[in-house]
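Each chain, letter by letter, is given below.
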Amino acid sequence: MIDENRQQIGIVPIEKALTIAREKKLDLVEIAPQANPPVCRIMNYQKYLYEMIKKEKEGRKHQRNIVVKEIKFRPKISSHDFQFKLRHIINFLEDGNKVKVSVFFRGREKTRPEIGKQIIDRVIEETKDLASVEVPPKLESSYLYTMLMPKKGGRDAKAQDSQRS
């Protein structure tokens, strides 16, 4: 048994441990039920739960959620449309998001997947300084896709660098 100050009391019968806990107006909590004999601790269980929830929230506060954004291309895309979508890909990568680049084939376009491969290769080439390829180009039924993962840096790192200067 362990008391509220984390001092080891020793092996105590359960009835005596419960009476000690009641006298101190605290709870008797079983910490390690698998141990022989089981380990119990005297504590304020509600306060303990509150602190655990608070620690969990604090841990979640500093996490960064990575979102997968998808940009769809077609094999017969004009150069302006390509540049427009490429700008969006670059913005997503700078924000720290992963980007799924996919080329959708319809009808007779399915017989020429190399056109879609050229589009994806062009996107990879244009974003090589911002992103690395997480999933190489794959053809699944009428889609050709790849996943781009941002390299370390992005807008957040640029902002921190400017603040340090």
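A brief look at the structure comes next.

Thresholds, definitions, all that
Residues numbered from 1 in each chain as written. Predicted model: local features only at pLDDT ≥ 70, side-chain atom pairs only at ≥ 80, totals over all residues. Heavy atoms only, no water. Axes fitted to C-alpha atoms, helices over the stretch in contact; angles between N-to-C directions. Helix = DSSP H or I, 4+ residues; strand = E, 2+ residues; numbered from the N terminus. Parallel < 35°, antiparallel > 145°, perpendicular 65-115°, else oblique. Left-handed = near helix turned anticlockwise from the far one by under 90°. Contact = heavy atoms within 4.5 Å. Nonpolar A, V, L, I, M, F, W, Y, C, P; charged D, E, K, R; others polar. Pairing = 2+ DSSP bridges. Buried < 20%, exposed > 50% of the residue type's maximum accessible area, 1.4 Å probe, protein only. Arc of directions from axis to C-beta.

1. What about the packing of helix α3 (residues 79-94) against helix α4 (residues 113-126)?
Here α3 crosses α4 at 50°, and the two axes come no closer than 11 Å. Of the possible angle classes, the one that applies to α3 and α4 is oblique. Viewed along their axes, α3 and α4 form a crossing whose handedness is right-handed. Side by side, α3 and α4 meet where Phe82, Gln83, Leu86 and Ile89 of the first sit next to Ile119, Arg122, Val123 and Glu126 of the second. Partitioning the contact of α3 with α4 into residue classes produces five nonpolar, one polar and two charged.

2. Some details on the sheet that holds strand β3 (residues 68-73)
Overall, mixed pairing links the four strands, which are arranged β3-β4-β6-β5 in an open sheet. Each edge of the open sheet carries a strand with a single partner, namely β3 and β5 (131-140). Each strand axis lies, on average, 20° off the axis of its neighbour in the sheet, ignoring direction. Sheet topology places β5 next to strand β6 (residues 143-150); seven bridges connect them, and they run antiparallel. Within β6, the residue paired with Val133 across the bridge is Leu148. Contacts between α3 and the sheet are confined to β3, β4 (98-104), β5 and β6, with β3 contributing the most and set at about 170° to the helix. Against the sheet, α4 engages β3, β4, β5 and β6, with an angle of about 10° to β6.

3. A few points about helix α1 (residues 14-23)
Among all positions in α1, only Ala17, Ile20 and Ala21 are buried. Taken down its axis, α1 places every buried residue within 100° of arc, on the same side. Facing away from the buried side of α1, by more than 90 degrees, are the exposed residues Glu15, Arg22 and Glu23. Positive phi shows up at Lys25, right after α1, with a value of about 55°.

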